[in-house]
Amino acid sequence: MRYFFLLPLRVLICFFGVLWLMLCTAAVGYIPEGNFKRWTNRKVSIMCFNVLSSALSAVITYHNTENRPKTGICVANHTSPIDVLILMCDNTYALIGQRHGGFLGLLQRALARASPQIWFERSEVKDREAVAKRMKEHVTAPNNPPILIFPEGTCINNTSVMQFKKGSFEVGSVIYPVAIKYDPKFGDAFWNSSRYSMLQYLYMMMTSWAIVCDVWYLPPMYQRENETAIDFANRVKAVISKQGGLVDLMWDGQLKRMFPKKEWKEKQQEEFSKRLKVE
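The rules behind the values
- Residues numbered from 1 in each chain as written.
- Predicted model: local features only at pLDDT ≥ 70, side-chain atom pairs only at ≥ 80, totals over all residues.
- Heavy atoms only, no water.
- UniProt positions renumbered as here; feature names shortened; annotations may be inferred.
- Helix = DSSP H or I, 4+ residues; strand = E, 2+ residues; numbered from the N terminus.
- Axes fitted to C-alpha atoms, helices over the stretch in contact; angles between N-to-C directions.
- Parallel < 35°, antiparallel > 145°, perpendicular 65-115°, else oblique.
- Contact = heavy atoms within 4.5 Å.
- Nonpolar A, V, L, I, M, F, W, Y, C, P; charged D, E, K, R; others polar.
- Salt bridge = Lys/Arg side-chain N within 4 Å of Asp/Glu carboxyl O.
- Buried < 20%, exposed > 50% of the residue type's maximum accessible area, 1.4 Å probe, protein only.
- Polar contact = N/O pair within 3.5 Å; in protein donor to acceptor, adjacent residues only side chain to side chain.
- Pairing = 2+ DSSP bridges.

Novice: Please explain the UniProt feature "transmembrane region" (unreviewed entry) in the protein chain as it appears in this structure.
Specialist: Mapped onto this structure's residue numbering, the UniProt feature "transmembrane region" (unreviewed entry) falls at residues 12–32. Helix makes up 81% of residues 12–32 and strand makes up 0%, while its end C-alpha atoms are separated by 33 Å.

Novice: Please clarify how the packing of helix H1 (residues 7–28) against helix H2 (residues 35–53) should be interpreted in this entry.
Specialist: Relative orientation and spacing of two packed helices are given, respectively, by the angle between their axes and the distance between those axes. Orientation of H1 relative to H2, taken along the N-to-C sense of each, is 175 degrees, at an axis distance of 9 Å. Regarding the angle of H1 to H2, the classification is roughly antiparallel. Contact with H1, carried on its side by Ile13, Cys14, Gly17, Val18, Trp20, Leu21, Cys24 and Val28, involves Lys37, Thr40, Asn41, Val44, Met47, Cys48, Phe49, Val51 and Leu52 of H2 and no other residues of that element. Considered class by class, the residues forming the contact of H1 with H2 number 13 nonpolar, three polar and one charged.

Novice: Just checking my understanding: could you explain the pattern of salt bridges for this structure?
Specialist: Evaluated as defined, the whole model comprises six salt bridges. The shortest N-O distance in the salt bridge between Glu227 and Arg235 comes to 2.9 Å. Like Glu227, the residue Arg235 is buried in the burial classification. The partner of Asp248 in a salt bridge is Lys237, with the nearest N and O atoms 2.3 Å apart. A residue pair is termed long-range when its members are at least 10 positions apart, and Asp248 in strand E9 (residues 247–248) and Lys237 in helix H7 (residues 229–244) qualify at eleven residues. When its relative accessible area of 37% is taken as the criterion, Asp248 is described as partly exposed.

Novice: Quick question: what am I supposed to make of the environment of Asn144 here?
Specialist: Among the secondary structure elements, Asn144 is positioned in the loop between helix H5 (128–140) and strand E5 (147–149). Leave out the neighbours within four places in its chain, and Asn144 touches Lys70, Thr71, Pro116 and His138. At 3.0 Å, the side chain of Asn144 and the backbone oxygen of His138 are in polar contact.

Novice: What should I look at first to understand the sheet that holds strand E8 (residues 211–217) in this one?
Specialist: Sheets are built from strands that pair by backbone hydrogen bonding, the pairs being arranged parallel or antiparallel. Here we have five strands laid out as an open sheet, ordered E1-E8-E7-E2-E5, and mixed in their pairing. Across the chains shown, the open sheet's two edge strands, defined by having one partner strand only, are strand E1 (58–63) and E5. Strand-to-strand twist across the sheet, computed as the mean angle between neighbouring axes with direction ignored, equals 25 degrees. The strands touched by H5 are strand E2 (73–76) and E5; relative to E5, the strand with the most contacts, the crossing angle is about 135 degrees.

Novice: Quick question: what am I supposed to make of the side chain of Thr92 here?
Specialist: By secondary structure assignment, the location of Thr92 is in the loop between helix H3 (83–88) and strand E3 (96–98). In contact with Thr92, other than residues within four places in its own chain, are Asn41, Arg42, Ser45, Pro145 and Pro146.

Novice: Any chance you could explain helix H6 (residues 198–206) here in plain terms?
Specialist: What sets the pattern is the α-helix's 3.6 residues per turn: residues three or four places apart point alike. Every buried residue of H6 is accounted for by Tyr201, Met204, Met205 and Met206. Where H6 is buried, its residues touch H1 and E8.

Novice: Would you take a moment to explain the side chain of Ser208 for this structure?
Specialist: Along the chain, Ser208 falls in the loop between H6 and E8. On the basis of relative accessible area, Ser208 is assigned to the buried category, the value being 4%. Polar contacts involving the side chain of Ser208 include one to the side chain of Arg2, which spans 3.2 Å.

Novice: Whenever I open this one, the environment of Leu148 confuses me. Can you help?
Specialist: Checked against the element boundaries, Leu148 lands in strand E5. Relative accessible area serves as the criterion here: at 4%, Leu148 is assigned to the buried category. Note: C-alpha distance between Leu148 and Ser197 (49 residues apart in sequence) is 24 Å. Residues contacting Leu148, with those up to four places away along its chain left out, are Cys74, Val84, Leu87, Tyr93, Ala94, Leu95 and Ile96.

Below, the structure is given as structure tokens:
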């Protein structure tokens, strides 16, 4: 059900919330580096993102806040673009992504002045070595905020956790797992990008009654001796799916946009034939 009468007010709140965020982070950027700047940025950032969350009537419950990420890498399951908003309402993170121009570029530069962020040029995004190097440099600095990463690489429909990309688990840093679960009774937060554009999705979010979700901070995890990055990623994924009551799947979430590789089909056929033989 859509609540159209909420749309004008929420659009207005969103507009002024983004403007307020840009102005505040730009102002924080003029404070000399040090503990006071980090403290101010944390307070200002959380305040601004909470204002933005009110544009969606977000009701967020944070569990086990003693495990809130402090450094290293924070990984979470991915349902929606607003996952970033949900997590930034309670903590500050370093975001990682492609550098943009226009209005989004202005916002990126404002955030980067207030706190270390990791923005890549278009030519660098697919350079795995460059990405890994920048991440390692970031996590080795003790005062940098944790990097926020969604290893699935795409939005999943709030029922499952799908294959984690191994890149963020090769850095050799502490991993803080976070499980996010939305309550679909009040509003469906899942963004089906193959069906809806970003504008359509935002319209649906702002005409929903509310966005209600739970966030669980899980204890930090470390890569074991002789454990591969893939095994480490699967272990973290299993912990997140169990806590969030989500189904732990091995499939790549990008399958919603492409056909499975031939070798994937052959592997499943082989597994199926083994079960038939046993039976």
